[in-house]
Amino acid sequence: MNEISETREAREARLQGLGCKRKRVEDIRFTQGKGSYVDDLKLPGMLFGDFHRSPYGHARVKSIDTSKAKAVPGVLAVLTAADLKPLKLDWMPTLAGDVQAVLAGDKVLFQGQEIAFVVATDRYIAADAADLIEVEYEELPALVDPFKAMAEGAPILREDIKDKTEGAHGKRKHPNHIFTWEIGDHETTDLAFRDAEVTIKELISYQRVHPCPLETCQSVASFDKIKGELTVWGTFQAPHVVRTVAAILSGIPEHKIHVIAPDIGGGFGNKVGVYPGYVCAIVASIVTGRPVKWVEDRIENLSATAFARDYHMTTEIAATKAGKVTGLRVHVLADHGAFDACADPSKWPAGFFNIVTGSYDFPTAHVTVDGVYTNKAPGGVAYRCSFRVTEAAYCIERAMDILAQKLGLDPAELRMRNFIRREQFPYHSALGWEYDSGDYHTAMQKALDTVGYQALRAEQRAKQEAFRRGETREVMGIGVSFFTEIVGAGPSKNCDILGIAMFDSAEIRIHPTGAVIARMGTKSQGQSHETTYAQIIASEIGIPADDVMVEEGNTDTAPYGLGTYGSRSTPTAAAATAMACRKIKAKAQMIAAHLLEVHHDDVEFDIDRFRVKGMPERFKTMKDIAWTAYNAPPPGLEPGLEAVSYYDPPNMTYPFGAYICVMDIDLDTGVAKVRRFYALDDCGTRINPMIIEGQVHGGLTEAFAIAMGQEIAYDEIGNVKGASFMDFFLPTAVETPKWETDFTVTPSPHHPIGAKGVGESPNVGGVPAFSNAVNDALAFLGATHIQMPHDAWRIWKAAEALGAQG
Amino acid sequence: MAKTAIALTVNGEAVEALVEPRTLLVHFLREQLNLTGTHIGCDTTHCGACTVDFDGRSVKSCTLFAVQAEGAEIRTIEGMAGADGTLHPLQEGFREMHGLQCGFCTPGMIMRAYRLLQENPRPTEDEIRTGMAGNLCRCTGYQNIVRAIQFAAAKIAGDSLQEAAE
Amino acid sequence: MIPGPFAYHRPRSLAEAVALCAAHPDDGRPLAGGHSLVPMMKLRLATPDHLIDLGAVAELKGVRREGNGWVIGATTTQAALITDPNLAQAIPILRETAQQIADPQVRSCGTIGGNVANGDPGNDMPALMMCLDATFRLAGANGTREVKARDFYQGAYVTALEPGELLTAITIPHPPAGHGYAYEKLKRKIGDYATAAAAVMLTLAGGRITTCAISLTNVAPTPLLAADAAAATIGQKPEEATFAEAAHRAEAITEPTPDGRGPADYRTKMAGVMVRRALARAVARASA
Ligand SMILES: Cc1cc2nc3c(=O)[nH]c(=O)nc-3n(C[C@H](O)[C@H](O)[C@H](O)COP(=O)(O)OP(=O)(O)OC[C@H]3O[C@@H](n4cnc5c(N)ncnc54)[C@H](O)[C@@H]3O)c2cc1C
Ligand code: FES
Ligand code: FES
């Protein structure tokens, strides 16, 4: 090793930049119990709010009597719809162009709906008083099954809009209909099916689940009457959007609203929307003149704030006998609950469901989505995925397996035959996307080789024989999934929220000593932004990551951004970070040239310094340059060293991966055990491999939970069944399988550092891998498609229906 | 409601307080003692985010009343680092092995792991998984939490850190 | 989820505890580990006006040998059942069952007395107590009495415990040396109650099953003693056909409620599977 390269390595190592397994900055406070989450906040005179909620799924509210609640010592106010109405706050707009009742007026539309908000001096008194509110109801028939929503005689849910034939997304066919969204080519797709040698058709349902971060949704609102200023702390994945919505709703000027998202205990899509609790806390603070805290409990969280999925996808594929796909047709019935409160970009009522052609070269495709109202909680959020992308991935990955089964082809082989080839990128999909990059065959082959796929198939055949001979009651499944995601919403040409383009931002300021503060418009909820953005900055401008402080979540100080969800932080804010760094670097180059007394074209950047080309011993470090920027800037240059970037991505990014799940199922009990799970991810440039691996572990665990048991179920009269951790399946360390991770690297060609985002891939790719494993295990008994969730009793019942229970 | 006087030890310090009998221990710690490191994640005794050490056993502080802590010795996450600020090997292990993401489960995890290592200083992976089964994490998938606890066990036992990292 | 208000009592002696319970037969509740009661109170499904904390009553804790059996104090925790070396030796099925209850934190608080007095069909100890033919010692205003576990359970949350009565201890006959045992529990995950579970205690001699007791958890409003199923094994060879017949008879007495753990027919079948497996494991452990 020669001296110079050693020094370079040491210099580079000191930066802890891109690609290194930097330990997390956040952990220092979190491991000592010094995080600051919303419920940790204590303000002088702070009050506590609690809801009285509907026990019915559908009922007319005849009267509300709050007198007993108001008589409880310590209660300062009780808000009902009647109190909000004069303020025009009894309804609020949703991000999806609908309106949602903040507090129910004439009618309740789902169990757990907010009816009254009690404000008291502490949470115990608030809870006591909320119990004392008396509501007289007239129960109405509940609509629970989305397939019956538009049937004749179906109960009409939304009386407020029952005569509106136009919704935010076009024509409404029925009072319970929200929208129809159509994309693709109807005619050519019909032709493909007409001419097809082989077709499959299956109703593939993705059950209603919930993102369920460990910390529930909560906020503290504090209105300062004298200054006319409102400060709101809350579990907000998108604090700037919350500020804008709050300004529009309250009429308080946006600069007098301060929204602060402190540490957040996980989001997964649950904390994007605006909930009645936030609004009521704000109103209560205005009314009482004191800070008001609202913290939902877990049952409220699972039954009222932001479900996900509930997509029922009738899926058809046309193909040749040789196993080449020729057309895809999907109709989705989307159950949106009582209000359309999806947090999709405004023009995308079904999110990016049109990624449903997946990783395959479909010559033509056609998709329609019908959204309907039911007596269930609103939501439809992107639970650890980009908008409706996990639904799409599940749909196509399940359907490809069904097709493989029909063709008698191995599911991995069928995929190989239909992958978009490397040379086809950038690839224009039949449903309108431009896939930026990919190398699917290489990834799939690596996955198959690593797990020893052929040997597993041989073992499976042997086990099936043993089963047929009655020697075992255990069957084996191999689930293959190859997903392509679309993340990083998104380009202003097709993405906005409430009219605001979905750019993101970074503001980077280098202080005279070379220390850095960087602020972004995104908001971490566990994604390690404080650690990883600093790594990007370190590599871009040569200042050690440890000297960079990353700050997010305070709308007063952070530049406007659209927040963190849909794996958008890396594609947008990380890109903005790199771009801001490059602006700084350009100025730094001028300063360096000035200090080195050469022309700026004659200096070049080298890890942590600018040096004179060809004379590595003549250099100025970034630290020197920072000092000069404030001390003696070159003539003609402004002092200071900082930059802002608002990054409007030219395209989405398209992470992909190959997952393989090996599962053993005991048919006597229906209990499934994951023997092995291999996940290969390609998220482009890898910023911090340790953190990527952590994200993949976590996402796979969520996918496992969804596929193998999670469900927010309703009974026929609209009662939520099991909205606590007793029933809602969150696996413990005992149930959770061990994860094997791997990767390939296909950088995004349009992203400044080539990164694509990874937080959500494991959820998107994981769910079909588990589900395909279950289906694969029972396929030899004649199963074609078994609906999720695959909990033990459902697997047992599926086997029973196939005649395998004696 | 009449208040009850309680006397207990929290993180080595004597505490005397008046509490309403129905005050849950977790609320007492968080709101009366301002020890907000102990979290609430579920309200139904499943998640373990509220785990504290109570007279030498791990308990979920959302399912005990503060009055039950009369005379008890309690340790919370705030009492884990040394007086001089040195981190406990578990705190170090969670950071080294990336055993946390949003951090919300972490105090409960560390407090449970602390007791687990007292009961079983060299647990196997399976013993860690069953020993930690009362604590839910939504972010990490547990694999790195297992490694964090192995790291701490090795460090406490004085093994070389090299070995622990493996 | 906030419990309603109550008056708190912390008796220091058994006599004081019994008197307090007797004084509040309808509006009071004893608090043992609190891990069934407190969650119910937080949901306001239980709203006692008086809570009588048994935590400071030393006489209620601990395990001791008495005559031909064992006496377990009502507030002995599930964790203590697991770590007690004598019990682990004498009645290992207690430990096996306790280990399958909830998680370490819950077991460090939850008591055997609370578990059996609660009357929740989901609790695991009641069926085990029936299987072991345990006796409950009850103390009330009118003195003490004993009730067999097998006579104790009357319906979901309805037991032979009279209002104001306290369960003070459980006595369990010392099982024969060389007995085989197993507690088989199917559950969705840690922290969940049984989808179905079965306890088996048996002895073998001369290649045949000589004694056998079988009981079932969470497949009816009460724990069930599957006497008919057990009878089918007596004198039989410990083989699959015997187990299957017992399983079949056990299934016949179940009346599970459908819930998130599965529909009734599934849970009935699972009771059978648990019986079969418990029998097989118990046989493997018994000395012939
Ligand atoms: C997440 C979770 C999972 C669980 N899973 C299981 C499981 O799988 N299996 C299982 O068996 N249990 C389970 N439990 C319950 C747990 O085992 C309880 O601890 C146990 O059921 C009750 O014991 P306790 O000491 O906590 O009683 P408490 O909650 O204090 O009391 C329960 C009831 O019994 C009464 N009581 C208590 N002691 C006496 C007494 N000495 N005399 C008269 N009445 C008395 C109380 O008044 C109350 O009505 C679970 C609990 C939780 C929180
Ligand atoms: S908050 Fe205590 S166990 Fe979840
Ligand atoms: S780190 Fe977020 S819940 Fe565990």
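Here goes a summary of the coordinates provided.

Topic: the overall build of chain C
When helices and strands are tallied, chain C shows eleven helices and 14 strands. The globule rule puts the C-alpha radius of gyration for 288 residues at 19 Å, and the 19 Å found for chain C is close to it. Summarising its shape, the C-alpha atoms of chain C cover approximately 55 × 45 × 35 Å along the three principal directions. Classification of the 288 residues of chain C by burial places 60% in the buried group. A sequence separation of at least 24 residues applies to 63% of the contacts in chain C between residues at least 6 apart. Taking the average location of the 28 positive side-chain charges in chain C and that of its 27 negative ones, the two points are 6 Å from each other.

A short note on helix α18 (residues 761-779) of chain A
Its 19 residues place the ends of α18 of chain A 27 Å apart at the C-alpha level, agreeing with the 27 Å of an ideal helix rising 1.5 Å per residue. The buried count for α18 of chain A comes to 18 of 19 residues, which makes it a mostly enclosed element.

Observations concerning the side chain of His 46 of chain B
As for its position among the elements, His 46 of chain B is in the loop between α1 (25-32) and β3 (51-54). Among the residues examined, His 46 of chain B registers a relative accessible area of 9% and is labelled buried.

A look at the state of the cysteines
Evaluated as defined, the whole model comprises zero disulfides over all chains. Considering cysteine sulfurs only, Cys 20 of chain A is the nearest to Cys 683 of chain A, which forms no disulfide, with 15 Å between them.

Comments concerning the environment of Gly 277 of chain A
One can find Gly 277 of chain A in helix α8 (residues 276-288). Ignoring anything within four residues of it in the chain, the contact list for Gly 277 of chain A reads Phe 51, Ser 219 and Trp 294 of chain A.

Description of the interface of chain C and chain A
Counting residues at the interface gives 24 residues for chain C, matched by 24 residues for chain A. Interface of chain C and chain A: buried area, both sides summed, is about 1900 Å²; carbon and sulfur atoms make up 60% of it. In terms of surface lost to chain A, no three residues of chain C exceed Ile 2, Lys 189 and Tyr 266 of chain C, which account for 30% of the buried area on that side. Counting across the interface, chain C meets chain A through seven salt bridges. The salt bridge involving Asp 668 of chain A is made with Arg 277 of chain C; its shortest N-O contact spans 3.9 Å.

What about the packing of helix α14 (residues 529-541) of chain A against helix α15 (residues 569-596) of chain A?
Residue and element names in this part refer to chain A. In the contact formed by α14 and α15, the axes pass within 9 Å of each other and the chain directions differ by 35°. Here α14 runs over α15; the crossing is right-handed. Of the residues in α15, those in contact with His 529, Tyr 533, Ile 536, Ile 537, Glu 540 and Ile 541 of α14 are Ser 569, Ala 573, Ala 574, Thr 577, Ala 578, Cys 581, Arg 582, Ile 584 and Lys 585. Looking at side-chain class alone, the contact of α14 with α15 contains nine nonpolar, three polar and three charged residues.

Comments concerning the site of ligand 1
Of all residues adjacent to ligand 1, which total 33 residues, the nearest are Arg 29, Pro 30, Gly 33, Thr 111 and Asp 124 of chain C. Nearby residues place ligand 1 at the junction of chains B and C. Separating a nitrogen atom of ligand 1 from a side-chain N or O atom of Asp 124 of chain C is a distance of 2.7 Å. Between Lys 185 of chain C and ligand 1, the recorded distance is 2.8 Å, taken from a side-chain N or O atom to an oxygen atom. Relative to its free-state accessible area of 950 Å², ligand 1 is covered by the protein chains to the extent of 97%. For the shell around ligand 1, the secondary-structure elements that each account for two or more residues are β2 (28-31), α7 (112-117) and β10 (166-173) of chain C. When its residues are assigned to classes, the shell around ligand 1 shows 14 nonpolar, 15 polar and four charged.

Focus on the sheet that holds strand β4 (residues 63-66) of chain C
Residues and elements named next belong to chain C. In spatial order, the strands read β4-β5-β10-β6-β7; together these five strands make up an open sheet with antiparallel pairing. The sheet is open, and its two edges are formed by β4 and β7 (143-148), each paired on a single side. Taking the axes of each pair of neighbouring strands and ignoring which way they run, one obtains an average angle of 25° across the sheet. Looking at chain direction, strand β6 (residues 135-140) and β10 are connected through five bridges and run antiparallel. Bridged to Phe 136 within β10 is Ile 170.

Quick word on the layout of surface pockets
Considered as a void within the structure, the second largest pocket measures approximately 1000 Å³ in volume. Elements with a contribution of two residues or more to the lining of the second largest pocket: β1 (47-53), α5 (123-131), α9 (298-304) and β36 (720-721) of chain A together with α1 of chain B. Here the element with the most residues in the lining of the second largest pocket is β1 of chain A; it accounts for five residues. Taken together, the residues of the lining of the second largest pocket sort by class into 20 nonpolar, eleven polar and 16 charged.

Some remarks on the sheet that holds strand β1 (residues 7-9) of chain C
One key point about sheets: their strands pair by backbone hydrogen bonds, in either a parallel or an antiparallel sense. Residues and elements named next belong to chain C. Strand order in this open sheet of three strands is β1-β3-β2, and the pairing throughout is parallel. Each edge of the open sheet is held by one strand with a lone partner, namely β1 and β2. Taking each pair of neighbouring strands and ignoring which way they run, the sheet shows an average axis angle of 25°. With three bridges connecting them, β1 and strand β3 (residues 50-53) associate as parallel partners. By the bridge assignment for β3, Tyr 8 is matched with Leu 51.

Observations regarding the packing of aromatic side chains
Residues and elements named next belong to chain A. In this structure the tally under the stated criterion is 42 aromatic pairs over all chains. With a centroid separation of 5.7 Å and an interplanar angle of 85°, the aromatic rings of Phe 467 and Phe 780 are classed as edge-to-face. In this pair, Phe 467 sits in helix α13 (residues 453-468) while Phe 780 sits in the loop between α18 and α19 (792-801), placing the two residues 313 residues apart along the sequence. Phe 780 carries the same exposure label as Phe 467, and that label is buried. Aromatic pair Phe 605 and Phe 610: ring centres 5.2 Å apart, planes at 65°, arrangement edge-to-face. Taking relative accessible area as the criterion, Phe 610 reaches 2% and is therefore assigned buried. Chaining the aromatic ring pairs together yields one cluster made of Phe 483, Tyr 659, Phe 677, Phe 704, Phe 729, Trp 739 and Phe 770. Across from the ring centre of Phe 743, 3.7 Å away, lies the NZ or CZ of Arg 686, which sits over that ring.

Calculation criteria
- In every chain, residue numbers begin from 1 and rise along the written sequence.
- All chains are assigned letters beginning with A, and all ligands numbers beginning with 1, in the order in which they are written.
- Selection of residues for local features in this predicted model requires a pLDDT of at least 70, selection of side-chain atom pairs for listing and counting requires 80 or more, and totals for whole chains, interfaces and linings are taken over all residues.
- Neither water nor hydrogens contribute to the side-chain values; these are computed over all heavy atoms in the structure.
- Only DSSP runs of H or I covering at least 4 residues are called helices, and only runs of E covering at least 2 are called strands; the numbering of each starts at the N terminus.
- Throughout, the radius of gyration refers to the C-alpha atoms, and the reference size of a globule is 2.2 Å times the residue count to the power 0.38.
- Type-normalised accessible area, obtained with a 1.4 Å probe on protein chains alone, sets the label of each residue: buried when under 20%, exposed when over 50%, and partly exposed for intermediate values.
- We call two residues in contact whenever any of their non-hydrogen atoms come within 4.5 Å of each other.
- His residues and chain termini do not enter the charge count, which takes Lys and Arg as positive and Asp and Glu as negative.
- Where a charge sits is defined by one atom per residue type, namely NZ (Lys), CZ (Arg), CG (Asp) or CD (Glu).
- Each residue after the first adds 1.5 Å to the expected span of a helix.
- The definition used for a disulfide is geometric: two cysteine sulfur atoms within 2.5 Å.
- Two parts placed together each lose some accessible area; with a 1.4 Å probe, that loss summed over both constitutes the buried area.
- A side-chain nitrogen of Lys or Arg and a carboxyl oxygen of Asp or Glu constitute a salt bridge if their distance falls within 4 Å.
- Only C-alpha atoms enter the line fits that serve as axes; for helices the fit covers just the stretch in contact. Angles between N-to-C directions range over 0 to 180 degrees.
- Crossing handedness is read from the near helix: turned anticlockwise from the far helix by less than a right angle, it gives a left-handed crossing, and turned clockwise, a right-handed one.
- Three residue categories are used. Nonpolar comprises Ala, Val, Leu, Ile, Met, Phe, Trp, Tyr, Cys and Pro, charged comprises Asp, Glu, Lys and Arg, and polar comprises the others, including Gly.
- One heavy atom within 4 Å of a molecule or strand makes the whole residue count as near it.
- Polar contact is the term for a pair of N or O atoms within 3.5 Å; when the atoms are in protein, one must be able to donate a hydrogen and the other to accept it, and sequence-neighboring residues count only if both atoms are side-chain atoms.
- For the accessible areas, the method is Shrake-Rupley and the probe is 1.4 Å, while residue cover comes only from the protein chains on display.
- Here a strand pair is declared whenever DSSP counts at least two bridges between the two strands.
- A cavity here means a set of points on a 1 Å grid, drawn over the protein atoms and nothing else, where a 1.4 Å probe fits but cannot get out; a pocket is an open set with protein on both sides within 12 Å along at least five of seven lines, and a residue lines either one if it has an atom within 4 Å of a point.
- Grid points are joined across faces, edges and corners, and a volume is the space filled by probe spheres set on the points.
- Two aromatic rings, drawn from Phe, Tyr or Trp (for Trp, its six-membered ring), form a pair once their centres lie within 6.5 Å of each other, and the interplanar angle then sorts them: stacked below 30 degrees, edge-to-face above 60, tilted otherwise.
- Criterion for a charge above a ring: Arg CZ or Lys NZ at most 6 Å from the ring centre, at most 35 degrees from the ring normal.

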